[in-house]
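Listed below, chain by chain, are the residues.
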Amino acid sequence: MSSRGQEPSIVRVGLTGGIASGKSTVSRLLAEHGAVIIDYDQLSRAVVAVGSEGLRRVVEAFGENVLADDGSLDRSALGSIVFADPAARRRLEGIIHPLVEEAARRIDDEARAADERVVVVHDIPLLVETGRAGEFDTVVVTDVDPAEQIRRVVERDGSSEEDARARIRAQASRQERLDIADIVIDTSGPLEDLPTEVNRVWSRIPAGHPPRFSL
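Because the structure is predicted, anything quoted here is derived from the model rather than measured.

1. Observations regarding the overall build of the protein chain
Step number 1: Helix and strand content of the protein chain: nine helices and six strands.
Step number 2: For a compact globule of 215 residues, the expected C-alpha radius of gyration is about 17 Å, and the protein chain comes in at 18 Å, within 12% of that figure.
Step number 3: On the principal axes, the C-alpha backbone points of the protein chain span a range of 50 × 40 × 25 Å.
Step number 4: Put simply, 74% of the contacts in the protein chain that link residues at least 6 apart link residues at least 24 apart.
Step number 5: Approximately 10,900 Å² of the protein chain is accessible, and the part contributed by carbon and sulfur atoms is 48%.

The structure is reproduced here in structure tokens:
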């Protein structure tokens, strides 16, 4: 974690969580409190938009079969390659991550310039995998019971339990995420309960650097 001796003029929060852990809901609620949200999922789509250098590199690495009829990236086709092959996934990450991080830095810099007291939340699904936890003043992890996580993925995406488990295994483990957490939000219950939990988190974030605790 970053040095916690002095309260900075800007609080940078790393937010992460496994698939279907309620992270997007937490991110939205933090935005309602006034945080600037940098959504790395959105950026990862933007950097491979039609005509982008990112898309050109992906096609060069994986072939034109990862393109849809309209020339956009066929995420399902690409996912069938990288989820089954760790080496292919690392190759994809080597293309996408630097582009996303560059875009995120620009947004972060603009937020700093606009408001010296701003709270910037970097919503990063692969925070553990990219080894970036130490860049943030506070790391928030959304945590969910594994059985509930699988149920949500199956219900949300219409996938099989086997596919849901494979997608979960492709991410960092639950324990690896908990190991980097300063704040853990248990999202195993109804998502309607999250506003109250996020209110508690927000009351601590702007004040500086909170100790480790769970909600």
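What follows continues from the structure just given.
2. So, the pairing of strand 4 (residues 138-143)
Step number 1: The element strand 4 is largely enclosed, with a buried count of six among its six residues.
Step number 2: For strand 1 (residues 11-17) and strand 4, the ladder comprises five bridges, and the chain directions are parallel. Note that in strand 4 the partner of Gly14 across the bridge is Val139.
Step number 3: In the sheet, strand 4 pairs with strand 5 (residues 183-186) via four bridges, with the strands oriented parallel. Bridge assignment links Asp143 to a residue of strand 5, and that residue is Asp186.

3. Side note on the confidence of the model for the protein chain
Step number 1: Mean pLDDT over the protein chain: 88, with 91% of residues reaching 70 or higher.
Step number 2: Taken together, the stretch residues 1-8 has pLDDT below 50 and engages in 24 contacts with residues farther than four places along the chain or on a different chain.
Step number 3: Across residues 207-215, confidence stays below pLDDT 50; counting only partners more than four residues off in sequence or on other chains, it has 30 contacts.

4. Focus: the nonpolar core
Step number 1: Among the nonpolar cores identified, the biggest contains 33 residues, and Val58, Phe62, Leu78 and Ile96 are the most heavily contacted of them.
Step number 2: Those elements giving two or more residues to this core turn out to be helix 2 (40-46), helix 3 (53-62), helix 4 (75-82), helix 5 (86-114) and strand 4.
Step number 3: With nine residues, the single largest contributor to this core is helix 5.
Step number 4: Excluding residues that lie within four positions of it along the chain, Phe62 makes contacts with Leu78, Ile81, Val82, Ala88, Arg91 and Leu92.

5. Points about helix 3
Step number 1: Listing the buried residues of helix 3 in full gives Gly54, Leu55, Val58, Val59 and Phe62. End-on view of helix 3: buried residues confined to an arc of 130°, all on one side of the axis.
Step number 2: In this structure, the buried side of helix 3 is in contact with helix 4 and helix 5.
Step number 3: After helix 3 finishes, the residue Gly63 shows a positive phi value of roughly 95°.

6. Description of the side chain of Asp143
Step number 1: Its location among the elements puts Asp143 in strand 4.
Step number 2: Overall, Asp143 belongs to the buried group, its relative accessible area being 10%.
Step number 3: With sequence-adjacent residues up to four places away left out, Asp143 is seen in contact with Arg174, Leu178, Val184, Ile185, Asp186, Thr187 and Ser188.

7. With respect to the side chain of Ser21
Step number 1: Along the chain, the position of Ser21 falls in the loop between strand 1 and helix 1 (23-32).
Step number 2: By relative accessible area, Ser21 is classed as buried at 1%.
Step number 3: Side chain to side chain, Ser21 and Thr142 meet in a polar contact 2.7 Å long.

8. A look at the packing of helix 4 against helix 5
Step number 1: Taken N-terminus to C-terminus, the directions of helix 4 and helix 5 make an angle of 125°; their axes are 7 Å apart at the nearest point. By the angle class used here, helix 4 and helix 5 are oblique. Contacts between helix 4 and helix 5 pair Leu78, Ile81 and Val82 from the former with Pro86, Ala88, Arg89 and Leu92 from the latter.
Step number 2: For the contact of helix 4 with helix 5, the residue count by class is six nonpolar, no polar and one charged.

9. Describing the packing of helix 3 against helix 5
Step number 1: At a closest axis distance of 10 Å, the pairing of helix 3 and helix 5 adopts a crossing angle of 165°. Here helix 5 runs roughly antiparallel to helix 3, going by the angle between their axes. Where helix 3 crosses over helix 5, the two elements pack in a sense that is right-handed. Between helix 3, through Gly54, Arg57, Val58, Ala61 and Phe62, and helix 5, the contact on the second element is made entirely by Ala88, Arg91, Leu92, Ile95, Ile96 and Leu99.
Step number 2: Looking at side-chain class alone, the contact of helix 3 with helix 5 contains eight nonpolar, one polar and two charged residues.

Parameters at a glance
Residues numbered from 1 in each chain as written. Predicted model: local features only at pLDDT ≥ 70, side-chain atom pairs only at ≥ 80, totals over all residues. Heavy atoms only, no water. Helix = DSSP H or I, 4+ residues; strand = E, 2+ residues; numbered from the N terminus. Rg over C-alpha atoms; globule rule 2.2 N^0.38 Å. Contact = heavy atoms within 4.5 Å. Areas by Shrake-Rupley, 256 points an atom, 1.4 Å probe, with all protein chains shown as cover. Buried < 20%, exposed > 50% of the residue type's maximum accessible area, 1.4 Å probe, protein only. Pairing = 2+ DSSP bridges. pLDDT = per-residue confidence, 0-100. Core = buried A, V, L, I, M, F, W, Y, C linked by side-chain atoms within 4.5 Å. Arc of directions from axis to C-beta. Polar contact = N/O pair within 3.5 Å; in protein donor to acceptor, adjacent residues only side chain to side chain. Axes fitted to C-alpha atoms, helices over the stretch in contact; angles between N-to-C directions. Parallel < 35°, antiparallel > 145°, perpendicular 65-115°, else oblique. Nonpolar A, V, L, I, M, F, W, Y, C, P; charged D, E, K, R; others polar. Left-handed = near helix turned anticlockwise from the far one by under 90°.

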